[in-house]
Amino acid sequence: NAGVMQNPRHLVRRRGQEARLRCSPMKGHSHVYWYRQLPEEGLKFMVYLQKENIIDESGMPKERFSAEFPKEGPSILRIQQVVRGDSAAYFCASSTLQQGANYGYTFGSGTRLTVV
Amino acid sequence: DAKTTQPTSMDCAEGRAANLPCNHSTISGNEYVYWYRQIHSQGPQYIIHGLKNNETNEMASLIITEDRKSSTLILPHATLRDTAVYYCIVRVRTYGGSQGNLIFGKGTKLSVKP
């Protein structure tokens, strides 16, 4: 049973370009969470989605960031017009309703975004 | 969510027990204590959680004080592979609600030395 799959593992973008980060949750998981980790800091919650719905986006920056989790396919975190301050590791996690309540989430290995 | 306080860093000799403390003096009655760890460059990994009773699994033991204001994660025989940042998190046990989101602090950087 494959874990949470994130791709790409590493992404380099020039300032002003768009970054698309993909997350395929574990099989059977319908809840997805995105976290950002700036260098030398802890993980910060960004957004929580269920299939086709955004449940909590209180951690998302107001501009340039968006997330979706369509009925079919992976969850996408999109960052438009990237700036150097967006350079970070972005982690995706998934859970079932039951697992999320009892144990929390299963995390992927992350995407490291570097903006040059 | 209640805030937690952990030491910034700790060292432990390989083969010895690693005891990682956490203070959560404002924890609410319906909040659980969770421990995760993050090995360098990887995503966080669930270790253990508990409400008020001590818990043990194949990875670690969790000791929660009777007043629930602090807890200790115990790795009984630390190995070099246990070198990681350990996060103590308190959260409600909720089904599908955003109040159950994991809020990570800075954690404790545990270095296991040969």
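Quantities reported herein were computed from a predicted structural model and do not represent experimental measurements.

Observations concerning the sheet that holds strand β3 (residues 19–24) of chain A
Residue and element names in this part refer to chain A. Taken together, the 4 strands give an open sheet; going across it, the order is β1-β3-β8-β7, and neighbouring strands pair in antiparallel fashion. The two strands at the open ends of the sheet, each matched to only one other strand, are β1 (5–7) and β7 (65–68). Between one strand and the next, the sheet's axes are offset by a mean angle of 15°, whatever the strand orientation. As paired strands, β7 and strand β8 (residues 75–79) are joined by 4 bridges and run antiparallel to one another. Bridge pairing in β8 links alanine 67 to leucine 77.

A short note on the interface of chain A and chain B
On the side of chain B, 22 residues touch chain A, which itself brings 25 residues to the contact. The junction of chain A with chain B conceals about 1,800 Å² of combined surface from both sides, 50% of it contributed by carbon and sulfur atoms. The interface formed by chain A and chain B includes 0 salt bridges. The tally of links between chain A and chain B comes to 5 residue pairs in polar contact (both at pLDDT 80 or more). Breaking the side of chain A that touches chain B down by element, the ones donating at least two residues are β4 (31–37), β5 (43–50), β6 (53–56) and α1 (97–102) of chain A. Looking at the side of chain A that touches chain B residue by residue, the class counts come to 12 nonpolar, 10 polar and 3 charged.

A look at the environment of tyrosine 48 of chain A
Residues and elements named next belong to chain A. Within the element layout of this structure, tyrosine 48 appears in strand β5. Exposure remark for tyrosine 48: the relative accessible area of 1% places this residue in the buried category. For the pair tyrosine 48 and histidine 31, spaced 17 residues apart in sequence, the C-alpha to C-alpha distance is 7.3 Å. A polar atom in the side chain of tyrosine 48 sits 2.8 Å from the side chain of histidine 31.

Scoring rules and cut-offs
- Residues numbered from 1 in each chain as written.
- Chains lettered and ligands numbered in written order.
- Predicted model: local features only at pLDDT ≥ 70, side-chain atom pairs only at ≥ 80, totals over all residues.
- Heavy atoms only, no water.
- Pairing = 2+ DSSP bridges.
- Helix = DSSP H or I, 4+ residues; strand = E, 2+ residues; numbered from the N terminus.
- Axes fitted to C-alpha atoms, helices over the stretch in contact; angles between N-to-C directions.
- Contact = heavy atoms within 4.5 Å.
- Buried area = accessible area lost by both parts, 1.4 Å probe.
- Salt bridge = Lys/Arg side-chain N within 4 Å of Asp/Glu carboxyl O.
- Polar contact = N/O pair within 3.5 Å; in protein donor to acceptor, adjacent residues only side chain to side chain.
- Nonpolar A, V, L, I, M, F, W, Y, C, P; charged D, E, K, R; others polar.
- Buried < 20%, exposed > 50% of the residue type's maximum accessible area, 1.4 Å probe, protein only.

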